[in-house]
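Chain residues, written in single-letter form:
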Amino acid sequence: MKHRLDYGNAAPAGYKALGTVHSYVHGCGLEKELIELVYLRVSQLNGCAYCLDSHSRGLLKQGASLEKIMLLAAWREALPLFTVREQAALAWAEVVTQVAQTHVPDADYAAVAAVFNEKAVADLTLAISLMNALNRVAISFRKVPEAIKAHLENLDEQ
């Protein structure tokens, strides 16, 4: 994997704008682990290696269990590991991320709205939208995950 473009240097104002949304999301009141779980699930759906690496590491640093991280892709089969809020957020993340296929049905909105208040649903949707945007940027420009950088450095040392 070869990094194509440093988008932060190429379009600093645009990158800063995404950073502003990121700062908002992290200060909006949603639980930090919930946000990271949503970011990781969206990144799984989009196949973003950089974000998978980054958000898995973030969850580990926050104290999330390895089991929760490993089973996130199949969270519906591992419900005891996930809170009701996490389950609602993950379901919403999936339906919003796959908007072209799902068109975000009323039943899915009702399900998330039964668990989160209006502000939290809006904030959660902003978090999902931000991660979808960042996934597309990282994938498009082949942002290299830390795990691959470390692997390549180890190969160079050998």
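Please read these numbers as outputs of a predicted model, since none were measured by experiment. (Residues numbered from 1 in each chain as written. Predicted model: local features only at pLDDT ≥ 70, side-chain atom pairs only at ≥ 80, totals over all residues. Heavy atoms only, no water.)

Quick word on the UniProt feature "domain: Carboxymuconolactone decarboxylase-like" (unreviewed entry) in the chain
- This chain's UniProt record puts "domain: Carboxymuconolactone decarboxylase-like" (unreviewed entry) on residues 16-94.
- When the span residues 16-94 is considered, its composition is 71% helix and 0% strand, and the gap between its end C-alpha atoms is 26 Å. (UniProt positions renumbered as here; feature names shortened; annotations may be inferred. Helix = DSSP H or I, 4+ residues; strand = E, 2+ residues; numbered from the N terminus.)

Remarks on the pattern of salt bridges
- Applying the stated criterion across every chain yields a total of seven salt bridges.
- Taking the shortest distance from any N to any O, the salt bridge between Arg41 and Glu94 comes out at 2.8 Å. With Arg41 in helix α3 (residues 32-46) and Glu94 in helix α6 (residues 84-97), this residue pair connects regions lying 53 residues apart in the sequence. Residues Arg41 and Glu94 agree in their burial class; the two are buried.
- Salt bridges linked by common partners bring Glu33, Lys68 and Glu86 together as one network. (Salt bridge = Lys/Arg side-chain N within 4 Å of Asp/Glu carboxyl O. Buried < 20%, exposed > 50% of the residue type's maximum accessible area, 1.4 Å probe, protein only.)

Points about the environment of His22
- Along the polypeptide, His22 turns up in helix α2 (residues 12-27).
- A relative accessible area of 32% means that His22 is categorised as partly exposed.
- When the C-alpha atoms of His22 and Leu126 are compared, they prove to be 9.1 Å apart, with 104 residues separating the residues in sequence.

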